[in-house]
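Architecture at a glance
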Amino acid sequence: MAIFAVKTTASQERTVADMIMTREEETIHAALAPDSLTSYVMVEADEAAVFERILDEIPHARGVVPGKSSIMEVEHFLSPKPDVEGIAEGDIVELIAGPFKGEKAQVQRIDESKDQVTVELYEATVPIPVTVRGDQIRVLDSEER
């Protein structure tokens, strides 16, 4: 069993992965279309010959990249990246969701286990700590840069 990379048309990765899996071929075990990998789908299959023949019938599949990959090379695509990754204390952020949408704030504390950030609103007359989910903020200015 090996992992093969399939070149696809841009923005058609999920479509190709779904079509590969609907073929119900015994030699194909899984298909992965990670968001961070554009124009490629990773497919776990027993042998390349059967797999390449199926790809001829699937629109948007451009072909198999020569060579095989191991599970070690693709396992970083399998675990989700936390939303608070890349955010540091002291960063200037903008709230992009919730009741304070559009407000600027400074990061005070980061809770990676809960994927939450505590920020202090800039334009508030009294400093108010507000805890928001990591996907509700966008970094505007980082002290690390």
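Here the structure is a predicted model, which is why all the values come from computation and not from measurement.

If you walk through the whole model with that rule in mind, you get zero aromatic pairs. Sitting over the ring of Tyr 40, Lys 7 keeps its end group 4.9 Å from the ring centre.

Right, let's get into the sheet that holds strand β4 (residues 61-64). If you walk across this open sheet you meet the four strands as β2-β3-β1-β4, and the pairing is antiparallel. Two strands lie at the open edges of the sheet, namely β2 (28-32) and β4, each paired on one side alone. Strand-to-strand twist of the sheet, defined as the mean angle between neighbouring strand axes without regard to direction, takes the value 30°. Inspection of the sheet shows strand β1 (residues 2-8) paired to β4 by three bridges, in the antiparallel sense.

If you look at the biggest cluster of nonpolar residues, it comprises 17 residues, and the most contacted ones within it are Ile 20 and Phe 51. Taken together, the elements giving at least two residues each to this core come down to β1, α1 (13-22), β3 (40-45) and α2 (48-55). Not counting residues up to four positions away in its chain, the partners in contact with Phe 51 are Phe 4, Val 6, Ile 20, Ile 28, Val 43 and Val 64. Core analysis: the next-biggest nonpolar cluster, separate from the first, contains 12 residues, Leu 95, Ala 105, Val 117 and Ile 137 among them.

The element β1 is extensively covered by neighbouring structure, given that six of its seven residues are classed as buried. Across six bridges, β1 lies against β3 in antiparallel orientation. By the bridge assignment, Lys 7 is partnered in β3 with Tyr 40.

As a further point, take the UniProt feature "domain: NusG-like N-terminal" (unreviewed entry) in the protein. Mapped onto the present numbering, the UniProt feature "domain: NusG-like N-terminal" (unreviewed entry) falls on residues 1-81. Note that residues 1-81 is 27% helix and 27% strand, and that its end C-alpha atoms are spaced 27 Å apart.

Rules behind the numbers
Residues numbered from 1 in each chain as written. Predicted model: local features only at pLDDT ≥ 70, side-chain atom pairs only at ≥ 80, totals over all residues. Heavy atoms only, no water. Phe/Tyr/Trp six-rings, centres within 6.5 Å; stacked < 30°, edge-to-face > 60°. Lys NZ or Arg CZ within 6 Å of the ring centre and 35° of its normal. Pairing = 2+ DSSP bridges. Helix = DSSP H or I, 4+ residues; strand = E, 2+ residues; numbered from the N terminus. Axes fitted to C-alpha atoms, helices over the stretch in contact; angles between N-to-C directions. Core = buried A, V, L, I, M, F, W, Y, C linked by side-chain atoms within 4.5 Å. Buried < 20%, exposed > 50% of the residue type's maximum accessible area, 1.4 Å probe, protein only. Contact = heavy atoms within 4.5 Å. UniProt positions renumbered as here; feature names shortened; annotations may be inferred.

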